[in-house]
Amino acid sequence: MEHTTGLAFDHIGERLAMARRNAGLSVADVAERTKVSCHYLMALESEAFHRLPSRVHTFGFARAFAKAVALDDREISDALRVKLDSQRVANDAVSAGEATPERPRGRFAAMLRSVSLF
């Protein structure tokens, strides 16, 4: 396994794709070695993590991919964890900032709610 220090957390997919190309492998070759669908491997290379079935699958597929192209699978997994956690924090911050619509108040609103029950 190749061990690299200072793997850029922002370029995991690029790192996997580069290692695959340097090994002279196609996505189909890696899929055959790892038994992971080409669709999922391409999602990893393009960092479209939302296209993967779950967080657990994302880590498993990334580690299998890394092993298949002679990268340190633990290092890839650690970098991926940092990236996914930072994305989750960013998504949570956006969600927290979204305004939730308030229910109408007053007699008119009460009348509308009672009419909508019929």
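Scroll up a little and you will see the structure.
Since we're looking at a predicted model, the values are computed, not measured.

Student: Quick question: what am I supposed to make of the layout of surface pockets here?
Tutor: The probe, sized like a water molecule, is rolled over the atoms to show the empty space still left. Here the largest pocket defines a volume of roughly 180 Å³. Lining the largest pocket are 10 residues, with Phe49, His50, Arg55, Leu84 and Gln87 sitting closest to its centre. Looking at the lining of the largest pocket, the elements with two or more residues in it are α4 (55-68) and α5 (73-97). The element that contributes the greatest number of residues to the lining of the largest pocket is α5, accounting for 4 residues. Of the residues assigned to the lining of the largest pocket, the class counts are 3 nonpolar, 5 polar and 2 charged.

Student: Can you help me understand the environment of Lys67 in this one?
Tutor: For Lys67, the location among the structural elements is in helix α4. What makes Lys67 partly exposed here is its relative accessible area of 48%. Taking C-alpha positions, Lys67 is 8.7 Å from Thr34, a pair spaced 33 residues apart along the chain.

Student: I keep staring at the pattern of salt bridges and nothing clicks. Help me out?
Tutor: Between side chains of opposite charge, a pair can form as their charged atoms come close. Scanning the entire structure with this criterion turns up 6 salt bridges. Between Arg63 and Asp73 there is a salt bridge, and its shortest N-O distance comes to 2.7 Å. Within this pair, whereas Arg63 is found in helix α4, its partner Asp73 is found in helix α5, the two being separated by 10 residues in sequence. A salt bridge links Lys67 to Asp73; the shortest N-O distance between them is 3.9 Å. The network of salt bridges with shared partners includes Arg63, Lys67 and Asp73.

Conventions adopted
- Residues numbered from 1 in each chain as written.
- Predicted model: local features only at pLDDT ≥ 70, side-chain atom pairs only at ≥ 80, totals over all residues.
- Heavy atoms only, no water.
- 1 Å grid on protein atoms, 1.4 Å probe; cavity = no way out; pocket = protein on both sides within 12 Å on 5 of 7 lines; lining within 4 Å.
- Points joined across faces, edges and corners; volume = space filled by probe spheres on them.
- Helix = DSSP H or I, 4+ residues; strand = E, 2+ residues; numbered from the N terminus.
- Nonpolar A, V, L, I, M, F, W, Y, C, P; charged D, E, K, R; others polar.
- Buried < 20%, exposed > 50% of the residue type's maximum accessible area, 1.4 Å probe, protein only.
- Salt bridge = Lys/Arg side-chain N within 4 Å of Asp/Glu carboxyl O.

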